[in-house]
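Per-entry structural report
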Amino acid sequence: VPAYIYFLGLEPRVAVGTSTLNVFLVGLTSSSIYYFNGFTKLHFVLLIAIGSIIGARVGASLTHKIPGYKIKRFFGVFVLFMAVLLFLKKVLYVL
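On a predicted model such as this, the values are computed, not experimentally measured, just so you know.

Leftover empty space is mapped by rolling, across the atoms, a probe with the size of a water molecule. The volume enclosed by the largest pocket comes to roughly 510 Å³. Forming the boundary of the largest pocket are 19 residues, of which Val16, Ala56, Gly59, Ala60 and Thr63 lie nearest the centre. Looking at the lining of the largest pocket, the elements with two or more residues in it are helix H2 (12-36), helix H3 (42-65) and helix H4 (68-94). The element contributing the most residues to the lining of the largest pocket is H3, with 10 residues. Of the residues that constitute the lining of the largest pocket, the class distribution is 10 nonpolar, seven polar and two charged.

This is how it looks when you write it as structure tokens:
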């Protein structure tokens, strides 16, 4: 999403929607290959799908209510947090 915003110049809501559709299409393609090769557990898929559908509906409705600059700020904080977390994990693992 940050790449869509900063490199492609998309508005945050459009970036989230575009990214979500892209992830869906890639996931659909790869998951069908895993399924036809026998590498899936459908009961887990159904359980996770229920939570995912609920989360997607809530997230999509919140996106309309949150200003674009707050979405940008959230992604910035999230990326920074993940960078620190990965750095600390690497440092603690080496020590």
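Turning to the environment of Ala60, a few remarks are in order. Mapped onto the secondary structure, Ala60 falls in helix H3. Classification of Ala60 by relative accessible area gives partly exposed; the value is 43%. Separated by 47 residues in the primary sequence, Ala60 and Arg13 place their C-alpha atoms 9.2 Å from one another.

The end-to-end C-alpha distance of H2, which contains 25 residues, comes to 36 Å, matching closely the 36 Å that a straight helix rising 1.5 Å per residue would cover. Buried within H2 are the following residues: Pro12, Ala15 and Ser19. Looking one or two places after H2, you find Gly38, whose phi comes out positive at around 80°.

Relative to the elements of secondary structure, Ser19 occurs in helix H2. Look at Ser19 and you get buried, because its relative accessible area is 15%.

Right, let's get into the packing of aromatic side chains. Under the defined criterion, the tally for this structure stands at three aromatic pairs. Summarising the aromatic geometry, the rings of Tyr35 and Phe36 are spaced 5.3 Å apart at their centres and angled 70° between planes, so their arrangement reads as edge-to-face. A centroid spacing of 6.2 Å and a plane angle of 15° characterise the contact between Phe74 and Phe78, whose relative ring orientation is stacked. Of this pair, Phe74 and Phe78 are both found in helix H4, four residues apart, which corresponds to roughly one turn of the helix. Its relative accessible area of 52% is what places Phe74 among the exposed residues. These aromatic residues form a ring-pair network of at least three members: Phe74, Phe75 and Phe78.

The rules behind the values
- Residues numbered from 1 in each chain as written.
- Predicted model: local features only at pLDDT ≥ 70, side-chain atom pairs only at ≥ 80, totals over all residues.
- Heavy atoms only, no water.
- 1 Å grid on protein atoms, 1.4 Å probe; cavity = no way out; pocket = protein on both sides within 12 Å on 5 of 7 lines; lining within 4 Å.
- Points joined across faces, edges and corners; volume = space filled by probe spheres on them.
- Helix = DSSP H or I, 4+ residues; strand = E, 2+ residues; numbered from the N terminus.
- Nonpolar A, V, L, I, M, F, W, Y, C, P; charged D, E, K, R; others polar.
- Buried < 20%, exposed > 50% of the residue type's maximum accessible area, 1.4 Å probe, protein only.
- Expected span 1.5 Å × (residues − 1).
- Phe/Tyr/Trp six-rings, centres within 6.5 Å; stacked < 30°, edge-to-face > 60°.

Purely spatial values, then, with no claim about function.
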